[in-house]
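Listed below, chain by chain, are the residues.
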Amino acid sequence: MLRAAAMTAESDDRHDRYTVAYDQEEIQFPVWILMIFGAGFLYASLAKGSVTLFLTSVCFACLVYYSYPLLETGKPRLAANCDGLFIEALGRLAWREIAAIDVIEVVVRGNIYKEAEISLSDPLAIALGREALTVPLYRRFMRRPFYLMPGSKVRVPLDILDHTPEEIMGSLTRMWLYNRGRAANVR
């Protein structure tokens, strides 16, 4: 039993990977509320035959569709290993393509949110290269765990992920510093 546990720990250390998903506590609640309101407006539109209520329910359905990834809490949104940094719906960025990883504090209505700003040494299309993901058509209009900034920068909001921003940034920075000079495993 002890030997099996040691082998698991060794294999985890050898792969040296790190994954982060959406938090499971607070971010699902608004999506469920939107679903309830959408269903209520749909029921009312069918009961009264109102086009206005039906269009309102369609608006709620669009908001639920956009926010659906927030319900998929176990799926990794951000992952890192010795080859690079993977961001869901974007692809894998090799460590050598990343010029800097910084923490940016954004103030919105008096609240301070932390974001990881990943500066690339090349434009995004070149940095992704063959590793660019082809996002399925049905997921193209859903919420993404990143947004693009001018100047070959990618920002990832950290406060909605299931680890603390300090832990995420510490792990990503440590892996970037260690792996940026190594050649990626190309398959």
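So, here's what we can say about the structure. (Residues numbered from 1 in each chain as written. Predicted model: local features only at pLDDT ≥ 70, side-chain atom pairs only at ≥ 80, totals over all residues. Heavy atoms only, no water.)

1. Remarks on the pairing of strand β4 (residues 91–94)
Consecutive side chains along a regular strand alternate between the two faces of the sheet.
Argument step 1. Bridging between strand β3 (residues 84–87) and β4 involves four bridges; their strand directions are antiparallel. When the bridges of β4 are listed, L85 appears paired with L93.
Argument step 2. The turn joining β3 and β4, which pair antiparallel and follow one another in sequence, is formed by three residues; a positive phi near 70 degrees is taken by A89. (Pairing = 2+ DSSP bridges. Helix = DSSP H or I, 4+ residues; strand = E, 2+ residues; numbered from the N terminus.)

2. Topic: the packing of aromatic side chains
Argument step 1. Tallied over the full model, the rule gives two aromatic pairs.
Argument step 2. When the ring of F37 is compared with that of F60, the centres are 5.9 Å apart and the planes differ by 20 degrees; the resulting orientation is stacked. Of this pair, F37 sits in helix α2 (residues 28–48) while F60 is found in helix α3 (residues 51–67), placing the two residues 23 residues apart along the sequence.
Argument step 3. Among the residues examined, F37 registers a relative accessible area of 47% and is labelled partly exposed.
Argument step 4. Ring centres of F41 and F60 lie 5.5 Å apart, and the angle between their planes is 15 degrees; on these two criteria the pair is classed as stacked. Remark: F60 occurs in helix α3 and F41 occurs in helix α2; sequence separation between them is 19 residues.
Argument step 5. Judged by its relative accessible area of 26%, F41 is partly exposed.
Argument step 6. One residue, R180, lies across the ring of W176, its end atom 4.8 Å from the ring centre. (Phe/Tyr/Trp six-rings, centres within 6.5 Å; stacked < 30°, edge-to-face > 60°. Buried < 20%, exposed > 50% of the residue type's maximum accessible area, 1.4 Å probe, protein only. Lys NZ or Arg CZ within 6 Å of the ring centre and 35° of its normal.)

3. Digging into the pattern of salt bridges
Argument step 1. Tallied over the entire structure, the rule returns nine salt bridges.
Argument step 2. Between E72 and R77 there is a salt bridge, with the nearest N and O atoms lying 3.3 Å from each other. Each member of the pair, E72 together with R77, is buried.
Argument step 3. Within this structure, E72, K75, R77, E88 and R139 form a network of salt bridges that share partners. (Salt bridge = Lys/Arg side-chain N within 4 Å of Asp/Glu carboxyl O.)

4. Notes on the environment of I98
Argument step 1. Mapped onto the elements of the fold, I98 is located in strand β5 (residues 98–108).
Argument step 2. Owing to a relative accessible area of 4%, I98 belongs among the buried residues under this scheme.
Argument step 3. Other than its neighbours up to four places away in sequence, I98 contacts L85, L93, I118, S119, L120 and W176. (Contact = heavy atoms within 4.5 Å.)

5. Points about unusual backbone geometry
Argument step 1. For A89, which is not glycine, the phi torsion reads 70 degrees and is therefore positive.
Argument step 2. Structurally, A89 can be placed in the loop between β3 and β4.
Argument step 3. In this model, S152 sits at a positive phi of 55 degrees, which is unusual for a non-glycine residue.
Argument step 4. Mapped onto the elements, S152 comes out in the loop between β7 (147–149) and β8 (153–157).
Argument step 5. What makes S152 partly exposed here is its relative accessible area of 23%.

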